[in-house]
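Spelled out, the chains give:
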Amino acid sequence: MNATLLSREETILDQPIEYLKGVGPARGEALRKELSIHRIGDLLWDLPFRYIDKSQITSIAQAKSLQDTVQLKGIFTEKLIEGTGHKKRLVGTFEDSSGEIEIIWFQRYKEIDQWVKTGKPYLLYGKVQDFRGKFNIVHPEIEEITEDKTLSSGLEPVYSSTEKLMLKGLDSKGRRKIIKQLFSQLRPHDIKENLSAVIISKLRFKNRFETFKDVHLPANNNDLQHARNRIKFEELFFLQLLLLRAKVKRNDTVRGFVFGEVGNLFNTFFSEKLPFRLTEAQKRVMREIRKDMGSGKQMNRLLQGDVGSGKTVVALMCMLLAADNGYQSVLMAPTEVLAMQHYKSISTYLEGMDMQVAFLSGSVTGNARVQLLESLRTGKIHILLGTHAVIEEGVEFKNLGLAITDEQHRFGVAQRAQMWTKSPIHPPHVLVMTATPIPRTLALTIYGDLDISILDELPPGRKPIVTTQRTEAHRSRVMEFVRAEIAKGRQVYIIYPLIEESEKLDLENLMDGYERLLGIFPRPDYQISVVHGRMKADVKDAEMRRFVEKKTQIMVSTTVIEVGVDVPNASVMIIENAERFGLAQLHQLRGRVGRGAEQSYCILMTSYKLSKAAKERLDVICKSNDGFFIAEADLKQRGPGDIAGTRQSGAYEFKAANLVEDQAILRTARAIAEEIITNDPELKSQEHIPLARYLMSEQRYKQDWSRIS
Ligand code: ADP
Ligand code: MG
């Protein structure tokens, strides 16, 4: 297609990929299928995943100790074809003044054998490997050094490729050719500016054309980093614009029930039932929530608090406020165990009060279910607690005023939205509680459209839990310690991992451990509960209850007790095979002790040999009791992709930005986005036209933006 045939607004970037010189129909199809590159412009966003520095030459001696991708300069002293059948290969000995290394070709070795000459100087580029004590490079890039050959000065981008693309000549080298072709045709104004002049000058960015050019064809590392920073900023900034815009829009248009009244129920609970004084943090959070619920706008709030910070009672007081104003509430938990725990503790809190509390999960069926749904519809039930069964179709409320999710990051945005539909008048107030803290950077991206409250104080009298790591060699001493604690009247958890793939083995492990304990702590002086996922619910419950009622001193369990369980008299938590648990889970488990006033202990039993990552995790847990600190460490160690919750929020797959490394850029992006949305929520001003135009045209933002504008 000729450029003059394009409409005024369209540029070469809008054309189908096969129209680019050097691509054509076959390669175009491959790019579409393999990498979702449809238009020529998509090439720009397919960023190199690393760069190789070809301006450096490494000596062979050094290359062997580096075992990395290097560029070597030297001569072949020898080469011969070895092996038979499909193992046939060309092996060359490559030498410089520091030593020699084997170079191996399995493919096209005949061709290469003819072309490569011994005694002549070459540049090789490839990864040095240690193969059974011998170093080699397999299939390096190879280039003859001629008189006029100078070293390339720049960084060479490396693009992802696939087998199919390679067959079409689109390996990294082929991809570089295409990108060079594109930039030879592009004119600066083809890549439209998407930031305002103010932002560009404030952050000293180059224009977008230069930026993409520097990312794909960098002249030096400095230009490259500068350009990558701009691209990271763009990704984080436009997402923040969307989230903040959604928030403002909701505030402007969505009305909320006014819970103006603090009535009998709340007051009775507060003065007669509440068994302790609220912490300052709980009071502050209640004020924040009450302000929201009285404003006439819908509340959308995230409640973050460390394990044991007392979120349940906050949730309960909110539900009482709703009831005082004549509305129903629902609390949704991610697992049946946790939902049941909430049901029990809330029922206990409300004993003697005129409140109907009900429990709903998939296991509530038949007549019980029919009756429950009916009572919900007629408004007889004030508080519903349950699993995601509470948002399923067929569950209707009379007047749902408040929806709370106890997230554990397991519910996605879609499920939260489903809550909205449960109220016919206007949507209920929404409170999202996280079971363990998440780092601020993640909160800003996953929950960026919510207001945030933080319970940053534990109830008084809690002593930090003493955490230590022990191995099999210490087991008898650990058991003596357990005996001493039990003698003081305390209770003990012993947790075994249960991971699905090895479920059977793990269960045997747990039962072995249980048998062994029976030997060490014999009846009738000692009683031991045992709970695991394969047990029937009523057996499990009975075992649990025996522990809660102090009839047993030891609870042997899998991680089913991870969340919610609340036995303040328990003071020792022993975690077997602790190296198999993640940081967040270890912190959750440990949070089961230290809930009373006694000094509590967490003992991490591990094997002698630990991977580096496991060692790091255990160090963090032994060192700190602070959930926010642990969450940051978790994010650093695992990367954001592995932190539960980020995957579901699929919109946030960044091409360049990284939530661990780019926190500073995120803060800047958030601050600038906040200022803009406060002053010009619809991006109507002259200055903000580039922003609005970009959000309306860019595939990944288009839909969201039109929905909220
Ligand atoms: P989480 O935030 O982990 O859900 P919980 O709501 O389960 O924490 O509370 C942990 C424990 O602390 C419970 O035993 C609860 O009764 C108790 N608790 C909550 N608030 C206070 C308070 N202000 N003073 C004393 N104990 C409290
Ligand atoms: Mg809780």
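Rules used throughout
- Residues numbered from 1 in each chain as written.
- Chains lettered and ligands numbered in written order.
- Predicted model: local features only at pLDDT ≥ 70, side-chain atom pairs only at ≥ 80, totals over all residues.
- Heavy atoms only, no water.
- Pairing = 2+ DSSP bridges.
- Helix = DSSP H or I, 4+ residues; strand = E, 2+ residues; numbered from the N terminus.
- Axes fitted to C-alpha atoms, helices over the stretch in contact; angles between N-to-C directions.
- Contact = heavy atoms within 4.5 Å.
- Buried < 20%, exposed > 50% of the residue type's maximum accessible area, 1.4 Å probe, protein only.
- Right-handed = clockwise from strand over helix to strand, strands pointing away.
- Expected span 1.5 Å × (residues − 1).
- Arc of directions from axis to C-beta.
- Near = heavy atom within 4 Å.
- Polar contact = N/O pair within 3.5 Å; in protein donor to acceptor, adjacent residues only side chain to side chain.
- Areas by Shrake-Rupley, 256 points an atom, 1.4 Å probe, with all protein chains shown as cover.
- Domains from an automatic or database assignment.
- 1 Å grid on protein atoms, 1.4 Å probe; cavity = no way out; pocket = protein on both sides within 12 Å on 5 of 7 lines; lining within 4 Å.
- Points joined across faces, edges and corners; volume = space filled by probe spheres on them.
- Nonpolar A, V, L, I, M, F, W, Y, C, P; charged D, E, K, R; others polar.
- pLDDT = per-residue confidence, 0-100.
- Core = buried A, V, L, I, M, F, W, Y, C linked by side-chain atoms within 4.5 Å.
- Salt bridge = Lys/Arg side-chain N within 4 Å of Asp/Glu carboxyl O.

A.B. asks: Got a minute to help me understand the sheet that holds strand β12 (residues 383–386) in this structure?
C.D. replies: Within a sheet, adjacent strands bond to each other through the backbone by hydrogen bonds, running parallel or antiparallel. The strand order across the open sheet formed by seven strands is β11-β12-β10-β13-β14-β9-β15, and the pairing between neighbours is parallel. Every other strand in the sheet has two partners, leaving β11 (357–360) and β15 (451–455) as the edge strands with one partner each. Neighbour-to-neighbour, the strand axes of this sheet turn through a mean angle of 20 degrees, independent of strand direction. As judged from the four bridges shared by strand β9 (residues 300–305) and strand β14 (residues 429–433), these two strands associate in the parallel manner. Paired with R301 across the two strands is L431, which belongs to β14. Where helix α12 (residues 311–324) meets the sheet, its contacts fall on β9, β10 (328–332), β12, β13 (400–406), β14 and β15, and the angle it forms with β13 comes to roughly 170 degrees. Across the sheet, helix α14 (residues 366–378) lies against β10, β11 and β12, angled at about 130 degrees from β11, the strand it touches most.

A.B. asks: Honestly, the pairing of β11 in this entry has me stumped. Any pointers?
C.D. replies: Each regular strand displays side chains that alternate between the two surfaces of the sheet. Alternating residues of β11 divide into V357 and F359 and A358 and L360, and every residue in both groups is buried. Of the strand pairs in this sheet, β11 and β12 are connected by four bridges, and their pairing is parallel. Following the sheet pairing, F359 is matched in β12 by L385. Tracing the backbone out of β11, into α14 and back to the parallel element β12 gives a crossover that is right-handed.

A.B. asks: Where do I start with helix α13 (residues 336–349) in this structure?
C.D. replies: Since the α-helix turns once every 3.6 residues, residues separated by three or four places project in the same direction. Taking 1.5 Å per residue as the helical rise, α13 with its 14 residues ought to reach 20 Å, and the 20 Å between its terminal C-alpha atoms agrees with that figure. Every buried residue belonging to α13 is among L338, A339, H342 and I346, and all of these are buried. Seen end-on, α13 carries its buried residues on one side only, within an arc spanning 100 degrees. The inward-facing, buried residues of α13 abut α12, β10, β11, β12 and β13.

A.B. asks: Just checking my understanding: could you explain the site of ligand 1 for this structure?
C.D. replies: Near ligand 1 you find 17 residues, and of these R277, G308, T312, R462 and D566 are the closest. Within the contact set of ligand 1, an oxygen atom lies 2.9 Å away from a side-chain nitrogen or oxygen of K311. Between an oxygen atom of ligand 1 and a side-chain N or O atom of R462, the distance comes to 2.7 Å. In the complex, the protein chains occlude 84% of the 560 Å² of accessible area that ligand 1 would expose alone.

A.B. asks: Whenever I open this one, the sheet that holds strand β16 (residues 466–470) confuses me. Can you help?
C.D. replies: Ordered by their spatial adjacency, six strands build an open sheet running β16-β21-β20-β17-β19-β18, and the pairing between neighbours is parallel. The open sheet has two edge strands with one neighbour each: β16 and β18 (528–531). With direction set aside, neighbouring strand axes in the sheet form an average angle of 15 degrees. Looking at chain direction, strand β20 (residues 570–575) and strand β21 (residues 601–605) are connected through four bridges and run parallel. Each bridged residue has a counterpart across the sheet, and for I574 the counterpart in β21 is I603. In this fold helix α17 (residues 475–487) packs onto β16, β17 (491–495), β19 (554–557), β20 and β21, with an angle of close to 155 degrees to the strand it touches most, β21. Of the strands in this sheet, β17, β18 and β19 touch helix α18 (residues 503–520), which is tilted by about 175 degrees from β18.

A.B. asks: Any chance you could explain the domain arrangement of the protein here in plain terms?
C.D. replies: Interfaces are often described in size by the accessible area the parts lose on coming together. Each assigned domain of the protein is listed with its residue range as follows: domain 1 (56–151), domain 2 (264–293 + 310–434) and domain 3 (466–624). One C-alpha centre belongs to domain 2, the other to domain 3, and the line joining them spans 31 Å.

A.B. asks: Help me understand the side chain of R670, please; the structure alone is not making it clear to me.
C.D. replies: On the secondary structure map, R670 appears in helix α23 (residues 663–679). Its relative accessible area of 9% is what places R670 among the buried residues. At a separation of 2.7 Å, a polar atom in the side chain of R670 contacts the side chain of Q240. Residue contacts for R670: discarding those within four places in its chain leaves Q240, L244, L444 and G448.

A.B. asks: Please explain the layout of surface pockets as it appears in this structure.
C.D. replies: Gaps between atoms show up when a probe of the same size as a water molecule is rolled over them. Roughly 1,200 Å³ of internal volume is contained in the second largest pocket. Forming the walls of the second largest pocket are 33 residues, and the residues nearest its centre are H139, P140, E141, D171 and K173. Listing elements by their share of the lining of the second largest pocket, those giving two or more residues are β1 (50–53), β2 (69–82), α4 (109–115), β5 (121–131), β7 (141–144) and α6 (172–185). Its residues placed into classes, the lining of the second largest pocket shows 14 nonpolar, nine polar and 10 charged.

A.B. asks: Got a minute to help me understand the confidence of the model for the protein in this structure?
C.D. replies: The predicted structure's coordinates, where accompanied by low pLDDT, should not be read in detail. Scored by pLDDT, the protein has a mean of 88; 93% of the residues are at 70 or more. Every residue in residues 1–6 is under pLDDT 50, and counting partners more than four places away or in other chains gives six contacts. Scored below 50 in pLDDT, residues 644–651 makes 12 contacts in the model with residues more than four places away or belonging to other chains.

A.B. asks: For this particular structure, what's the right way to read the nonpolar core?
C.D. replies: General note: in soluble globular proteins, nonpolar side chains tend to be found buried as a group. Of all hydrophobic cores here, the largest spans 75 residues; its most connected members are L182, L195, F233, F237, F238, L241 and L683. At 13 residues, the largest contribution of residues to this core is made by helix α9 (residues 221–253). Once residues lying within four places of it in the same chain are set aside, the contact partners of L241 are A673, I676, I677, L683, L691 and L695. In terms of nonpolar packing, the next biggest core, distinct from the first, is built from 39 residues, F266, L350, M355 and I383 among them.

A.B. asks: When you look at unusual backbone geometry in this model, what are you seeing that I'm missing?
C.D. replies: Most peptide bonds take the trans form, and the phi angle of most residues other than glycine is negative. Put simply, R523 and P524 share a cis peptide bond, and its omega is 0 degrees. In this model, R204 sits at a positive phi of 55 degrees, which is unusual for a non-glycine residue. Assignment of secondary structure puts R204 in the loop between α7 (197–202) and α8 (208–216). The residue N577 is not glycine, and still its phi comes out positive at about 50 degrees. Here N577 lies in the loop between β20 and α20 (583–590).

A.B. asks: I keep staring at the pattern of salt bridges and nothing clicks. Help me out?
C.D. replies: Following the criterion strictly, the structure yields 39 salt bridges and no others. Between D662 and K232 there is a salt bridge, with the nearest N and O atoms lying 3.1 Å from each other. Of this pair, D662 sits in the loop between α22 (627–638) and α23 while K232 sits in helix α9, and the two are 430 residues apart along the sequence. A relative accessible area of 5% means that D662 is categorised as buried. In this structure K232 comes out as buried when scored by relative accessible area, which is 9%. Among the ionic pairs, K551 bridges to E549, the shortest N-O distance being 3.1 Å.

A.B. asks: Looking at this structure, I do not really get the environment of H688. What am I missing?
C.D. replies: Looking at the element boundaries, H688 is found in the loop between α23 and α24 (689–697). The exposure class of H688 is buried, given its relative accessible area of 7%. Along the primary structure H688 and L35 are separated by 653 residues, whereas in three dimensions their C-alpha atoms are 32 Å apart. Once you skip the residues sitting within four places of it in the chain, H688 turns out to touch I676, D680 and L683.

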